[in-house]
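Descriptive structure summary
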Amino acid sequence: MKYGARVAWRNSARCIARMFWPKLEVFDYRHVTTTEEMADALIRHVEFGLNNGNIRVGITVFPQRMPGRNNFRMWNSQFFNYAGYEMPDGTVVGDPQNVSLTKICQKLGWKSKGTRFDLLPLIVSAPDGRPKLFEIPKRLCKEVPLEHPKYNWFAEMGLKWFAMPAVADMRLDIGGLEFTAAPFNGWYTSPEIGTRNLCDLHRYNITKDVADKMGLDTSNDSTLWKDQVMVQVNVAVLHSYQKEGVSLVDHHSAAEAYMKFMASEHQQRGGCPSDWVWLVPPISGSLTPLYNQNMINYKLKPSYEYQEKVWKDMVEDLQNESKTPK
C-alpha cells in the first residue's frame, strides 16, 4: 500500500511537486467501517499535514471498492473549501466554484455566516450511504490573511486563503484495486492562490478591485493592467505565507525543481509523463524552463483518477426543487 500510493504520486502527470514522492506518508485506514471513524482519521491527517505551517505530505487510504456495497467517499473536492452563496441577482458571495456543494451542506443542516470566506464542513459517506457532515476543529483550520509588503490597503481588502491544500475526492488505483476515498495533501505554489483562486473570472475575480486601488488605467487591455495586478497579488501571497511561516513555493523555483526531476526520471525510468497545460504556471509561463520543454503526457499505473461527484444526483434534486412552483 505505501509503495503503491507513493508511485501513484510519482506517476501523476499534472503535479509539479511530485519529486517528493518517496516522502509521502501513508495512513492506512482500510479497517474503518463508519463515517465517525473516517472523520477521526481525517482530523489526524490534518494534524500531521499542517504541522504548524511546516507542511508534510500525506495520504489517508480508506477501504477499497467492493462489489455489492456502496463506496467510501468524500464529498468535498478538498479538505478546506470556501462556501459560495448564490444571490437572487445571479452574483455569488464567496467562491463560485463551491455553490453546489454549499447548497448540499445547507440541505444537510449546516448553518453558515454568509461571508466571502466561510469554511465548508466536510461530508463523508460509508457503505450505509448516509452522508455525515462534520467540521474540522478550528485549531486546525489554519488560514493566512493576505497583505502586501508595499501596499498597506491590500490587507484592508480582507482577503485570506487556507494554508494547506488537500485533494479529497480522487480515486487511488493500485493493482486493479480502487480506493474511492484516498485524500492527500501537499503545499501550494503561489499562482494556485494568487492567479487562479483569487483572479480567475469564475473564482473570486479580484483583479479589477485591485487595479482600482493601484490606480491603474483599466480602460483598455493594452495598458496591461491585468498583468500588473497578477504579479502584485502573487507578491502578496508569497509575502503573507512567508510571514505566517506556512510552506509555499513560487512558480520559478517549482519549475526549476521539476526540470531536475524530469531529467532524473528519464535517466531512471526512460520517461516522465508530463501534462504541459497543467505544469506550465498560469503566470510568467514563458519565463520558466517548462515553457519550451517538450513533454509527453501518458498514463502509468498506479495512479490517482478523477471520479464522478458523489453528490451529483443530489444537486439535480435541489435544482428541480428550485424550479417547482410554490
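Whatever comes next refers back to the structure up there.
Remember, it's a predicted structure, so these values are computed and weren't measured experimentally.

A few points about the environment of Ala168
Counting through the fold element by element, Ala168 comes out in the loop between strand 10 (166-167) and strand 11 (171-174). Judged by relative accessible area, which is 0%, Ala168 ranks as buried. Once the C-alpha coordinates of Ala168 and Pro183 are considered, the two residues, 15 residues apart in sequence, prove to be 4.1 Å apart. Dropping the residues within four chain positions of it, Ala168 is found in contact with Met74, Asn76, Ser77, Gln78, Phe79 and Pro183.

What about helix 3 (residues 99-107)?
Listed as buried for helix 3 are Val99, Leu101, Thr102, Ile104 and Cys105. Note on helix 3: the residue one or two positions beyond its end, Gly109, has a positive phi of about 110 degrees.

Here's the deal with the side chain of Arg171
Residue placement: Arg171 occurs in strand 11. Arg171 gets classed as buried once you look at its relative accessible area, which sits at 14%. For Arg171, the contacting residues outside a window of four places in its chain are Arg65, Glu178, Phe179, Thr180, Ser303, Tyr304, Glu305, Tyr306 and Gln307.

Points about the pattern of salt bridges
Opposite charge on two side chains permits them to pair, given that their charged atoms come into close proximity. Within this structure, the stated rule accounts for 20 salt bridges. We note a salt bridge from Asp212 to Lys208, for which the minimum N-O separation is 3.0 Å. With a gap of four residues between them, Asp212 and Lys208 both fall in helix 6 (residues 207-214), about one helical turn apart. Connected through salt bridges with shared partners, the residues Arg10, Glu265 and Arg269 form a single ionic network.

Criteria and thresholds
- Position labels on residues start from 1 in each chain and follow its written sequence.
- Per-residue local features are limited, in this predicted model, to residues with pLDDT of at least 70; the limit for side-chain atom pairs, both in listing and counting, is 80 or more; totals at the level of whole chains, interfaces and linings are taken over all residues.
- Side-chain metrics in this entry use all non-hydrogen atoms of the structure; hydrogen atoms and water are not considered.
- Where helices and strands are cited, they refer to DSSP runs of H or I of at least four residues and of E of at least two residues respectively, numbered from the N terminus.
- Burial classes: relative accessible area under 20% of the type maximum marks a residue as buried, over 50% as exposed, and values in between as partly exposed (1.4 Å probe, protein chains only).
- By definition, residues are in contact when any of their heavy atoms lie within 4.5 Å.
- Between Lys or Arg on one side and Asp or Glu on the other, a salt bridge is scored when a side-chain nitrogen of the former is within 4 Å of a carboxyl oxygen of the latter.

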